[in-house]
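Now for the letters of each chain:
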Amino acid sequence: MAMSRLSFRPRPLDIHKKLPILKSAREFEDDDPTAAAVAVARAGVLLRQSAPELTAATTATEGEGNPTPTKKNIQEIPTPQFDAVGTYERDYTRTFAQPTCYIRGRGARAEIGEFVEYDLDNEDEDWLEDFNNERKNLNPEKLEVLLFKLEILDHKARERAGAITPTFIGPVPVLLQLDAAMEALQFLSVRYGVFQAVYSYWKDKRERWQKPILRRLQPPPPVNDTNPYNVFRPREKAHRLHTRRMQRRENNIQSFEKLRMVRRNLDQAKALMDALVKREETKREAMECEVNLQRIQMKYKHEAQLVDEGTALSGFQQVSSRFGSSEDDYADSDDTTTEQPYIRPPVFRPRFADHKLSVIPTLRIKRERELKRRPQQNGWVFKRDPEEPVLLFTRPLDPEKLVAAGIKPPPDPPIENGATMPPFRCRGRIGRGGRIIFDRWNPLLQTPIGQETSYYAVARGQWRGVSGAWAVARGRHQHGNTLAVAAAAA
Amino acid sequence: MGSMEASTAPENGTAAAAAAGASTACNGAAASNGGGVERRLRSSAASASWASHLPLEVGTRVMCRWRDQKLHPVKVIERRKSSTSSSPADYEYYVHYTEFNRRLDEWVKLEQLDLETVETDVDEKVEDKATSLKMTRHQKRKIDETHVEQGHEELDAASLREHEEFTKVKNIAKIELGRYEIDTWYFSPFPPEYNDSPKLFFCEFCLNFMKRKEQLQRHMKKCDLKHPPGDEIYRSGTLSMFEVDGKKNKVYGQNLCYLAKLFLDHKTLYYDVDLFLFYVLCECDDRGCHMVGYFSKEKHSEESYNLACILTLPPYQRKGYGKFLIAFSYELSKKEGKVGTPERPLSDLGLLSYRGYWTRVLLEILKKHKSNISIKELSDMTAIKADDILSTLQSLDLIQYRKGQHVICADPKVLDRHLKAAGRGGLEVDVSKLIWTPYKEQG
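Parameters at a glance
- Residues numbered from 1 in each chain as written.
- Chains lettered and ligands numbered in written order.
- Predicted model: local features only at pLDDT ≥ 70, side-chain atom pairs only at ≥ 80, totals over all residues.
- Heavy atoms only, no water.
- Helix = DSSP H or I, 4+ residues; strand = E, 2+ residues; numbered from the N terminus.
- Buried < 20%, exposed > 50% of the residue type's maximum accessible area, 1.4 Å probe, protein only.
- Contact = heavy atoms within 4.5 Å.
- Areas by Shrake-Rupley, 256 points an atom, 1.4 Å probe, with all protein chains shown as cover.
- UniProt positions renumbered as here; feature names shortened; annotations may be inferred.
- Buried area = accessible area lost by both parts, 1.4 Å probe.
- Salt bridge = Lys/Arg side-chain N within 4 Å of Asp/Glu carboxyl O.
- Polar contact = N/O pair within 3.5 Å; in protein donor to acceptor, adjacent residues only side chain to side chain.
- Nonpolar A, V, L, I, M, F, W, Y, C, P; charged D, E, K, R; others polar.
- Pairing = 2+ DSSP bridges.
- pLDDT = per-residue confidence, 0-100.
- Axes fitted to C-alpha atoms, helices over the stretch in contact; angles between N-to-C directions.
- Arc of directions from axis to C-beta.

Helix and strand counts for chain A come out as 15 helices and 8 strands. Taken over 490 residues, chain A has a buried fraction of 38%. Across chain A, contacts joining residues at least 24 apart in sequence account for 66% of those joining residues at least 6 apart. As displayed, chain A has an accessible area near 29,300 Å², and 56% of this comes from carbon and sulfur atoms.

In structure tokens form, the structure reads like this:
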């Protein structure tokens with residue numbers, strides 16, 4: 001024999017060592033005919049042995065198979081019987097449209113929406129049939145929803161009471177009471193009698209089962225439970241090295257769920273913010289349109305009137321606002337005949353809608369009666385047009401209230417040499433957010449208040465965001481124009 | 001005496017209560033069958049007298065009419081009163097066809113049994129030729145029959161016995177899943193309230209199971225799921241693969257395990273599905289993505305298992321899906337950069353499929369490879385564990401030890417012969433269509 005002794009006791013194979021690949025069986029034979037022959041023979045035997053194995057397996061037919069049983073020496077792998085279900089085409093609808101991109105999972109249905117996880121079982125169906133008793137007291141879908149919600153509410157009640165155990169250690173109690181359930185589920189509009197019956201049935205079933213009837217809420221068996229019929233024990237967490245980072249950061253189901261919730265909330269907040277931004281932008285646009293409209297109208301109207309009238313009018317009508325405003329406004333606007341006790345600066349007394357700004361108001365100009373008494377700077381008067389819009393943030397101040405609050409308008413600065421008037425005057429109004437603002441600068445005409453040279457300028461008295469205005473502090477000594485002071489000096 | 005009554009009410013103290021009844025029944029039967037002592041049965045000479053010997057005892061051997069309408073020898077494993085009648089003649093018997101695999105065990109009615117063939121022979125002493133031991137005929141038969149059960153070699157005797165006790169009787173005989181009504185193979189530990197139901201109806205997409213068809217139809221009206229609840233990671237033609245995380249979709253994972261156990265003998269549902277990923281293979285059409293098979297995988301395996309359980313649903317077997325699943329599991333391993341191996345014990349069908357896969361993959365490489373190659377290199381190329389490569393090559397006798405070193409025989413004729421015997425490859429995995437990153441544990 002050409003075989004060396006080493007052939008009988010091969011060294012263990014080193015998987016890292018490169019092995020030569022012999023492409024010809026004859027190479028075996030040249031060197032060691034016996035071994036080669038054995039190898040070939042064995043290969044043949046192997047083939048013979050495996051063939052019937054495979055044949056038995058492959059001759060078992062498809063479909064409603066009738067596998068031919070073979071003798072026990074040869075391993076037989078039977079094919080199971082199966083039949084087509086007659087109602088399949090009807091029960092499963094052709095409503096699936098496969099998206100072009102790969103589908104992303106969206107997490108368990110239980111967490112996302114209002115899917116009713118509970119399905120009626122035989123007991124429930126039988127009970128319902130009895131309960132309905134030929135009539136239609138309750139339909140199955142409603143019963144399903146009720147039982148589902150009862151389970152969820154009871155689970156929450158047990159959570160609040162700290163009665164949730166991570167594994168099954170004993171009977172699971174029912175904590176949900178009938179009235180609490182009724183209250184929580186009144187949106188389902190179930191008649192009291194029906195609800196009570198369902199609640200009793202559910203409670204009774206729970207007491208018989210000694211565990212929740214919704215499988216997801218049933219606690220799993222404890223790890224040391226050896227009963228082979230109990231399944232899905234929680235696996236003990238693998239002990240990981242406790243680094244400081246791990247100790248601080250709890251990474252478990254709860255934190256993941258929290259993060260999910262946070263993400264969802266943020267998405268919602270973002271959507272809300274986007275909508276808000278859009279709304280405010282639209283409002284601003286609308287506002288700008290209004291402003292432009294007013295300007296044009298004013299310009300057109302008063303320039304025309306300037307031509308028409310030469311003398312002061314003796315009787316203005318106060319035109320009430322066309323929109324809802326505060327009681328103050330209404331009181332004032334009704335008061336068309338009595339003299340206003342206070343003297344107002346020579347401006348309009350505009351009206352505007354409530355501060356909520358949820359509606360773009362149709363603004364009205366309200367005529368200022370006192371204007372007729374005021375020494376006109378420019379010797380003109382005007383007639384109010386009830387259709388004219390009123391500007392925002394130009395609500396007039398109520399001198400009585402000012403006095404009552406102890407607020408004095410800022411005084412006019414001293415008259416400089418060579419001038420006939422103080423360099424500016426202060427005109428009060430109620431600005432944004434209800435702030436009291438005394439303007440000293442007219443931004444439209446780019447002149448100090450009191451120095452306007454055209455009616456137009458006066459008419460366009462004030463508005464929001466006027467530079468140079470300031471809020472008045474209490475107790476500051478002021479003196480405005482003579483009329484204002486007279487009123488404020490109380 | 002072991003006897004299992006068909007339960008009518010879903011008693012649910014703890015599962016243990018119902019189970020205790022079942023296990024004592026099993027233990028009772030075991031006591032009578034274990035130790036090789038067979039029961040002596042009465043003579044059937046007086047044909048009328050056998051009527052008085054009903055119901056049959058567990059352990060009885062008799063001929064039974066099988067679905068092929070022929071008589072086959074069976075052994076009675078369990079019995080129960082038929083729920084519709086109370087007369088002693090109306091029992092149902094759970095029988096094991098001694099010629100066949102355990103999968104074919106089933107409940108039969110009395111009329112299927114040929115009572116004249118109830119065994120009466122004397123338990124005489126014979127000599128077992130293989131071992132030259134003297135034993136009774138019944139003892140010998142018991143030993144012979146044990147060898148019929150393949151696929152259990154890797155379980156030790158104690159676990160095997162335990163396993164058989166626990167799974168002795170199928171609880172659910174048929175299921176309806178989507179398009180098909182399927183006979184089951186094995187016991188599956190459904191919650192006790194389902195044990196009284198011979199048939200279960202599964203929702204094809206969320207895999208919830210129900211006891212009556214109407215319940216399923218009602219469920220279908222509200223169930224909007226049209227595919228497994230996970231990420232689609234592969235799509236080629238109508239074939240799609242979905243990855244489902246057991247932690248994120250616990251109920252689905254559990255449902256899938258209950259379902260799969262009906263067709264897998266050694267699957268264990270002992271632990272929860274949290275630590276597993278499920279790869280569900282589907283055929284898609286305008287009704288949705290229909291599961292044809294799946295395999296499960298541990299998120300972290302210490303033994304480098306790249307597959308825990310694998311199943312092709314019965315209506316879809318022998319079409320190449322199983323081989324696809326195996327190939328897919330190795331493609332995932334390649335992407336992870338790790339070698340992998342299937343979890344043991346492998347089922348009989350599983351081992352066959354894996355041997356086929358390993359043979360095809362390795363021999364194709366050997367055919368083309370020019371120079372020397374190490375087992376490690378083969379492992380790196382294929383993600384197949386070195387042990388599996390070695391065992392495959394050795395079983396095909398392609399590794400020789402000559403002149404002080406190991407060599408690989410790669411004669412094309414020899415290789416082709418083996419390849420032919422290994423069978424065709426299944427559906428191919430197009431790696432370019434796999435869009436997937438390996439699972440990463442958070443934290």
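Residues and elements named next belong to chain B. Taking the UniProt record as the reference, the feature "active site" (unreviewed entry) is found at E343. In this fold, E343 is placed in the loop between β18 (341–342) and α7 (348–368). Not counting chain neighbours up to four residues away, the residues in contact with E343 comprise E298, Y305, L307 and A308.

Counting residues at the interface gives 106 residues for chain A, matched by 134 residues for chain B. On the chain A side of the contact with chain B, Y102, Y229 and F232 of chain A bury the most area, a combined 8% of that side's loss. In this assembly, chain A and chain B are joined by 14 salt bridges. For the salt bridge of D91 of chain A with K213 of chain B, the shortest nitrogen-to-oxygen distance reads 3.6 Å. If you look at where chain A meets chain B, you find 45 residue pairs in polar contact (both at pLDDT 80 or more). Broken down by element, the side of chain A that touches chain B gets its largest block of residues, 8 residues, from helix α3 (residues 33–59) of chain A. Residue classes in the side of chain A that touches chain B are distributed as 47 nonpolar, 22 polar and 37 charged. In the sheet, strand β3 (residues 82–84) of chain A pairs with strand β9 (residues 180–183) of chain B via 3 bridges, with the strands oriented antiparallel. For F82 of chain A, the partnering residue across the bridge sits in β9 of chain B and is I182 of chain B.

This part takes up unusual backbone geometry. Residue and element names in this part refer to chain B. Here the residue pair R344 and P345 is connected by a cis peptide bond, since its omega of 0 degrees sits within 30 degrees of zero. The residue P345 is located in the loop between β18 and α7 in this model. Not every positive phi belongs to a glycine, and A383 is a case in point at roughly 65 degrees. Turning to its location among the elements, A383 is positioned in the loop between α8 (375–382) and α9 (386–395). Judged by its relative accessible area of 4%, A383 is buried.

Applying the stated criterion across every chain, the model contains 49 salt bridges over all chains. In this structure, the salt-bridge partner of R425 of chain A is D412 of chain A, at a minimum N-O distance of 3.0 Å. One end of the pair, R425 of chain A, is in the loop between α13 (399–405) and β4 (427–430); the other, D412 of chain A, is in the loop between α13 and β4, with 13 residues separating them in the sequence. Judged by relative accessible area, D412 of chain A falls into the buried class, the value being 7%. For E181 of chain B, the salt bridge is made with K199 of chain B, and the minimal N-O distance between the two is 2.5 Å. Here K199 of chain B lies in strand β10 (residues 199–202) and E181 of chain B lies in strand β9, a separation of 18 residues in the sequence.

With respect to the secondary-structure elements, I435 of chain B resides in the segment after α10 (412–422). Sequence-wise, I435 of chain B and R235 of chain B are 200 residues apart; in three dimensions their C-alpha atoms are separated by 8.9 Å. Dropping the residues within four chain positions of it, I435 of chain B is found in contact with Y102 of chain A together with I233 of chain B.

Turning to the confidence of the model for chain B, a few remarks are in order. For chain B, mean pLDDT is 80; residues scoring 70 or higher make up 75% of the total. Prediction confidence for the complex, expressed as pTM and ipTM, is 0.60 and 0.70 respectively.

Attention now goes to the pairing of strand β20 (residues 399–402) of chain B. Residues and elements named next belong to chain B. Along β20, one buried face is formed by I399 and Y401 and the opposite face, lined by Q400 and R402, is buried too. Of the strand pairs in this sheet, β20 and strand β21 (residues 405–409) are connected by 4 bridges, and their pairing is antiparallel. Residue pairing across strands places Y401 opposite H406, the latter belonging to β21. Between β20 and β21, which pair antiparallel in sequence order, lie 2 residues; one of them, K403, sits at a positive phi of approximately 45 degrees.

Turning our attention to the sheet that holds strand β8 (residues 174–177) of chain B. The strand order across the open sheet formed by 5 strands is β3(A)-β9(B)-β8(B)-β10(B)-β11(B), and the pairing between neighbours is mixed. The open sheet has two edge strands, β3 of chain A together with β11 (209–210) of chain B, and neither has a second partner. Pairing analysis gives 2 bridges linking β10 of chain B to β11 of chain B, with the strands arranged antiparallel. Bridge assignment links F202 of chain B to a residue of β11 of chain B, and that residue is F209 of chain B.

Turning next to the sheet that holds strand β14 (residues 276–285) of chain B. Residues and elements named next belong to chain B. Across the sheet, 5 strands lie side by side as β12-β13-β14-β15-β17; this open sheet has antiparallel pairing. Across the chains shown, the open sheet's two edge strands, defined by having one partner strand only, are β12 (231–236) and β17 (310–312). Adjacent strand axes in the sheet meet at a mean angle of 20 degrees, parallel and antiparallel pairs treated alike. Sheet analysis places strand β15 (residues 288–298) next to β17, joined by 3 bridges and oriented antiparallel. Its bridge partner being in β17, G293 is matched across the sheet by T312. Most of the contacts of helix α5 (residues 250–261) go to β14, to which it runs at about 80 degrees, and overall it touches β13 (239–245), β14, β15 and β17.

This paragraph deals with α10 of chain B. Residue and element names in this part refer to chain B. For α10, the set of buried residues is V414, L415, H418 and L419. Axial view of α10: buried residues confined to an arc of 135 degrees, hence all on one face. Opposite the packed face of α10, turned more than 90 degrees from it, sit the exposed residues K413 and K420. Its side-chain oxygen placed 2.9 Å from the backbone nitrogen of K413, D411 serves as the N-cap of α10. Backbone geometry just after α10 places G423 at a positive phi near 90 degrees.

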